[in-house]
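Letter by letter, the chains look like this.
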Amino acid sequence: MENFVFHNPVKVLFGKGQIANLAPEIPADAKVLITYGGGSIKANGVYDQVKAALAGHHVLEFGGIEPNPHLETLMQAVELIRKEGINFILAVGGGSVIDGTKFIAAAVPFEGDPWDILAKGAPVTAAVPFGVVLTLPATGSEMNIAAVITKWSTQEKLAFLSPLVFPKFSVLDPETTFSLPPRQVSNGIVDAFTHVMEQYLTYPVNAPLQDRMAESILKTLIVEGPKTLANPTDYESRANLVWSATMALNGLIAVGVPQDWTTHMIGHELTALHGLDHAQTLAIVLPGTLTIRRDRKWQKLLQYADRVWGLVDGSEEERVDAAIQKTRDFFESVGVRTHLSDYGVSLETVPAVIKNLEKHGMTALGEHQDINPEVVEQILALCA
Ligand code: NZQ
Ligand code: ZN
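Being a predicted model, the structure only gives us computed values, none of them experimental.

> Help me understand the coordination of the zinc ion (ligand 2), please; the structure alone is not making it clear to me.
In ideal tetrahedral geometry, four donors around a metal make angles of 109.5 degrees, whereas ideal octahedral geometry with six donors gives angles of 90 or 180 degrees. In this structure, Asp-191 (OD), His-195 (NE2), His-264 (NE2) and His-278 (NE2) serve as the protein donors to the zinc ion (ligand 2), at separations of 2.0 to 2.1 Å. In the primary sequence, the donor residues of the zinc ion (ligand 2) line up as D-x3-H-x68-H-x13-H. Placement of His-264 in helix 9 (residues 262–274) and of His-278 in helix 10 (residues 278–292) is noted, with a sequence separation of 14 residues between them. For the pair His-264 and His-278, a shared accessibility class is recorded, and that class is buried.

> What should I look at first to understand the pairing of strand 2 (residues 31–36) in this one?
Successive side chains on a regular strand alternate, one facing one side of the sheet and the next facing the other. Among the six residues of strand 2, five are classified as buried, and the element is accordingly described as predominantly covered. Across five bridges, strand 2 lies against strand 3 (residues 58–62) in parallel orientation. Opposite Val-32, over in strand 3, you have Val-59 as the bridge partner. Note: strand 2 against strand 4 (residues 88–93), five bridges, orientation parallel. Paired with Ile-34 across the two strands is Leu-90, which belongs to strand 4.

> Help me out: how do you make sense of the domain arrangement of the chain in this one?
Frequently, the measure chosen for interface size is the accessible area removed from exposure when the parts meet. Under the domain assignment used here, the chain contains domain 1 (11–176) and domain 2 (182–381). Inter-centroid distance (C-alpha atoms) of domain 1 to domain 2 is 26 Å. Summed over both partners, the interface of domain 1 with domain 2 comes to about 2,000 Å²; 65% of that surface belongs to carbon and sulfur atoms. Summed over the shared surface of domain 1 and domain 2, the result is one salt bridge. For the pair domain 1 and domain 2, the interface holds six residue pairs in polar contact (both at pLDDT 80 or more). Top element by residues in the side of domain 1 that touches domain 2 is strand 7 (residues 156–161). It accounts for three residues. For the side of domain 1 that touches domain 2, the per-class residue count stands at eleven nonpolar, six polar and five charged.

> Got a minute to help me understand the site of ligand 1 in this structure?
By nearness alone, 32 residues border ligand 1, and Gly-38, Ser-40, Gly-95, Ser-96 and Lys-157 come closest of all. Contacts to ligand 1 include Thr-135, whose side-chain N or O atom sits 2.8 Å from a nitrogen atom. When ligand 1 sits alone it has 960 Å² of accessible area, and the protein chains cover 89% of it. Elements that contribute at least two residues to the shell around ligand 1 include exactly helix 4 (95–107), strand 6 (146–151), helix 6 (182–200) and helix 9. Grouping the amino acids of the shell around ligand 1 by side-chain chemistry returns nine nonpolar, 20 polar and three charged. Counting the residues that make up the shell around ligand 1, at least three belong to each of domain 1 (11–176) and domain 2 (182–381).

> What is the right way to read helix 9 from this model?
Since the α-helix advances by 3.6 residues per turn, residues separated by three or four positions end up pointing in the same direction. For helix 9, spanning 13 residues, the distance from its first C-alpha to its last is 18 Å, which sits close to the expected 18 Å at 1.5 Å a residue. Within helix 9, eleven of the 13 residues are buried, which leaves it mostly tucked inside the rest of the structure. The set of residues buried in helix 9 consists of Thr-262, Thr-263, His-264, Met-265, Ile-266, Gly-267, His-268, Glu-269, Leu-270, Thr-271 and Ala-272. On the buried face of helix 9, the contacting elements are strand 6, strand 7, helix 6, helix 10, helix 13 (350–359) and helix 14 (373–381).

> Explain the pattern of salt bridges here, please?
According to the stated counting rule, one finds 19 salt bridges in the structure shown. A salt bridge links Glu-25 to Lys-11; the nearest nitrogen and oxygen atoms lie 3.2 Å apart. Of the two residues, Glu-25 sits in the loop between strand 1 (11–14) and strand 2 while Lys-11 sits in strand 1, which places them 14 residues apart along the sequence. Among the residues examined, Lys-11 registers a relative accessible area of 43% and is labelled partly exposed. For the salt bridge of Glu-79 with Arg-82, the shortest nitrogen-to-oxygen distance reads 3.5 Å. Placement of the pair is Glu-79 and Arg-82 together in helix 3 (residues 71–84), with a separation of three residues, close to one helical turn. Residue Arg-82 is classed as partly exposed on the basis of its relative accessible area, which comes to 39%.

> Can you walk me through the packing of helix 10 against helix 12 (residues 316–333) in this structure?
Packed helices, taken two at a time, are described by the angle their axes make and the gap between the axes. The interhelical angle for the contact between helix 10 and helix 12, taken along N-to-C directions, is 180°, at an axis separation of 10 Å. One element, helix 10, and the other, helix 12, form an angle in the roughly antiparallel class. Only Ile-324, Thr-327, Arg-328 and Phe-331 of helix 12 make contact with helix 10, whose side of the interface consists of Leu-282, Ala-283, Leu-286, Pro-287, Leu-290 and Thr-291. When grouped by side-chain class, the residues that make up the contact of helix 10 with helix 12 number seven nonpolar, two polar and one charged.

> For this particular structure, what's the right way to read the nonpolar core?
The tendency in soluble globular proteins is for nonpolar side chains to be buried side by side. Residues Phe-193, Met-197 and Tyr-304 are the most contacted members of the largest nonpolar core, which totals 42 residues. Of all elements in the fold, only helix 6, helix 7 (208–230), helix 8 (235–248), helix 10, helix 11 (298–309) and helix 12 reach the threshold of two or more residues within this core. At eight residues, helix 6 tops the list of elements feeding residues into this core. For Tyr-304, the contacting residues outside a window of four places in its chain are Phe-193, Met-197, Tyr-200, Leu-201, Leu-218, Trp-309, Ala-323 and Thr-327.

> I keep staring at the side chain of Thr-176 and nothing clicks. Help me out?
Structurally, Thr-176 is set in the loop between strand 8 (169–172) and helix 6. According to the relative accessible area criterion, Thr-176 is buried, its value standing at 5%. Looking at Thr-176, its side chain comes within polar contact range of the main-chain oxygen of Asp-173, at 2.8 Å. Those residues within four positions of Thr-176 in sequence are excluded, and the remaining contacts are Ile-19, Asn-44, Val-46, Leu-134 and Thr-135.

So, how was this worked out
Residues numbered from 1 in each chain as written. Chains lettered and ligands numbered in written order. Predicted model: local features only at pLDDT ≥ 70, side-chain atom pairs only at ≥ 80, totals over all residues. Heavy atoms only, no water. Donors = N, O, S within 2.8 Å, 3.2 Å for Na, K, Ca; no water. Helix = DSSP H or I, 4+ residues; strand = E, 2+ residues; numbered from the N terminus. Buried < 20%, exposed > 50% of the residue type's maximum accessible area, 1.4 Å probe, protein only. Pairing = 2+ DSSP bridges. Domains from an automatic or database assignment. Buried area = accessible area lost by both parts, 1.4 Å probe. Salt bridge = Lys/Arg side-chain N within 4 Å of Asp/Glu carboxyl O. Polar contact = N/O pair within 3.5 Å; in protein donor to acceptor, adjacent residues only side chain to side chain. Nonpolar A, V, L, I, M, F, W, Y, C, P; charged D, E, K, R; others polar. Near = heavy atom within 4 Å. Areas by Shrake-Rupley, 256 points an atom, 1.4 Å probe, with all protein chains shown as cover. Expected span 1.5 Å × (residues − 1). Contact = heavy atoms within 4.5 Å. Axes fitted to C-alpha atoms, helices over the stretch in contact; angles between N-to-C directions. Parallel < 35°, antiparallel > 145°, perpendicular 65-115°, else oblique. Core = buried A, V, L, I, M, F, W, Y, C linked by side-chain atoms within 4.5 Å.

Here it is in structure tokens:
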């Protein structure tokens, strides 16, 4: 096992009715900005619950944060916060609203052009404190330090990481997710599954606890995901899906082990270029990454085949093939198509993806930093 430092200070309020308990988590004299997306929270009652919980607070609102949140939109909130002297933000929504809020929080005190935080890795030295009410289990953003932001004018989608953008608290009430359309539930299952895979499916470093935890999350998603899709108001399966998605990317299964993230980096470029949902890009790319890197991931692929899919018969070659096929079949079975052509995208996009990865310095991806543009081309060739 590799050395590690683990620190995750996010306070989680999990379960039915927990929105009503969020007020004590925010200083009583805070001037609060509620950030949200395109309006789902007004249709499903979450907005009303939040407003009721914050009845004693001074509250302003900023709506309209779009999926794959745009820098251009977020900068409007930055201006509002600076003008109004807001000193606490409450993000109410999915990964896009949470990520957008992380950026806003870091941009408010930033001197210079805040896009430099993403484009140039400019350090975040301060951030406005914020909390989260999660409405979409998928990204793990509610309990991590990452945010992914899109600059619409240049079609760039980039990530930044900073411990200063850990939420102060996150409310996870599974009932807030009952209103999700099936496409977003499916996306969440695939995103969380792929998060685990990018931290697990590398090479063994004798970290059996991290391995077993990762496999548990994968198996839970395989069981609870389809149950939730079949019965959207089943609280128990939904609660397990929500917690699995949070655990998939809150840092715990990543400690002491190598990580890959190739599939995510290629996927971000596909979203930036073609507007595909984040999870759609992952469903397309992950089977290709596993196939092209099968030799370097061999031991873990065999372990995954056995422990996650119960594949114990046949040659090693056959089990590895079957495990990759099972992964693709699972994504398809929960309703996320796994080929570029399913989304009207052809391999003509490959040079643009490569060019953007190069522009963003993503030329040595993977757990061995040996996934260069030629390897990315091989991976994408399998995604047609
Ligand atoms: O905008 P509203 O009206 O709220 O509608 C949203 C949006 O249209 C809707 N929705 C959310 N909760 C709902 C709901 N509709 C009905 N009922 C509810 N309870 O769902 C749509 C998609 O929302 P979005 O927030 O975009 O989805 P998701 O949570 O999948 O977030 C995707 C974003 O997160 C980034 C992705 O790149 C993408 O930009 N990621 C962030 C990560 C992180 N911070 O660690 C890691 C991930 O790998 C990922 O890259
Ligand atoms: Zn993801």
